[in-house]
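# What the coordinates show
Spelled out from the first residue to the last, the chains are:
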Amino acid sequence: MPPISRNEPIDELTQKELARLSDDRVRKSIESAVRRNVQAISMRQELTRGIAIEQGKVVVDTENYWINDDFGRDAALTITAASLWSSGAVDRLTALGAWSDVYASKNNGTKPGRIVMSTTSWNAFASGNQFATLLANGATRPAVKAEILAFAESAGLPPIEIYDRSVSVEGTSTKVLSANKIFFLPEPTDPMNEEGTILGATYWGRTVSAGFESWGIEPDEQPGIVCGVFKEESVGSSIEVQGDSIGEPVLANPNASMAIAVL
């Protein structure tokens, strides 16, 4: 599994500033650095989960690590709509129904449990002419969200969920799932459910650092993200907050996800 780590140095100037604070304030400052490390690693893994859902595979291409784990999703489940939703004339509900049938054909007849869209793709979906209400004077009124969801439900489609999560990648805000696509996925499950979802799960390994005696981590708590604080008593008096992990999202059933470019 690919390693994900992050180090945050606390320079000498910052240490001098911290020295003027109470022990409690110093501890809280270091704890904030630990949280930043954990959040950064978590965001990187969240982005990788998005890649797995969108592409049906996980590609990691860095200077010191390379993998291309293709989980073998059927090519029919990664498509571009024949008629994009940039046109209001496109029948959205018929298209969703047809794609739902394709999904079911690759999943032993099981229909998707959720349709996931970004705000961008939702706005394109909602702009369909078929949702407009004809007024008495001949004009039309755009449908409100509740009306559109009712149309989708009456067409036998699963609930629609809006997902706009972004993470920071080298300082750049990056969407976890592409905004121009929609995704068919299984019913959501409780994240704490050990049975998980039929789609798959993120598996965390045990890093070498997790087993360091000085870190004091119990064996059953070692898999996952671990952090330590280190001080080097030399010129410059460096302190580093180090986060370490190995892990990868794995699609146990890659056909349980479908990605469709609609814009």
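Residues numbered from 1 in each chain as written. Predicted model: local features only at pLDDT ≥ 70, side-chain atom pairs only at ≥ 80, totals over all residues. Heavy atoms only, no water.

### Side note on the packing of aromatic side chains
Within this structure, the stated rule accounts for 6 aromatic pairs. Ring centres of Trp122 and Phe125 lie 5.6 Å apart, and the angle between their planes is 50 degrees; this geometry places the pair in the tilted category. Pair noted here: Trp122 and Phe125 are both in helix H4 (residues 119-126), with a separation of 3 residues, about one helical turn. For the pair Trp122 and Phe125, one class covers both residues: buried. Taken together, Trp85, Trp99, Trp122, Phe125, Phe131 and Phe151 form an aromatic cluster joined through their ring pairs. Directly above the aromatic system of Trp122 lies the positively charged group of Lys145, at a separation of 5.6 Å from the ring centroid. (Phe/Tyr/Trp six-rings, centres within 6.5 Å; stacked < 30°, edge-to-face > 60°. Helix = DSSP H or I, 4+ residues; strand = E, 2+ residues; numbered from the N terminus. Buried < 20%, exposed > 50% of the residue type's maximum accessible area, 1.4 Å probe, protein only. Lys NZ or Arg CZ within 6 Å of the ring centre and 35° of its normal.)

### A few points about the sheet that holds strand S5 (residues 114-117)
The strand order across the open sheet built from 5 strands is S4-S15-S11-S5-S8, with neighbouring strands paired in mixed fashion. The strands lining the two open edges of the sheet, one partner per strand, are strand S4 (78-80) and strand S8 (160-162). Going from strand to strand, the sheet's axes swing by 20 degrees on average, the running direction of each strand aside. Across 4 bridges, the pairing between strand S11 (residues 181-185) and strand S15 (residues 258-261) is antiparallel. Paired with Lys181 across the bridge in S15 is Ala261. Sheet strands touched by helix H3 (residues 92-105): S4, S5, S11 and S15. Its angle to S11, the strand with the most contacts, is close to 45 degrees. (Pairing = 2+ DSSP bridges. Axes fitted to C-alpha atoms, helices over the stretch in contact; angles between N-to-C directions. Contact = heavy atoms within 4.5 Å.)

### Quick word on H4
What H4 keeps buried is the set Ser121, Trp122, Ala124 and Phe125. Take H4 and look down its axis: the buried residues cluster within an arc of 160 degrees, on one side only. (Arc of directions from axis to C-beta.)

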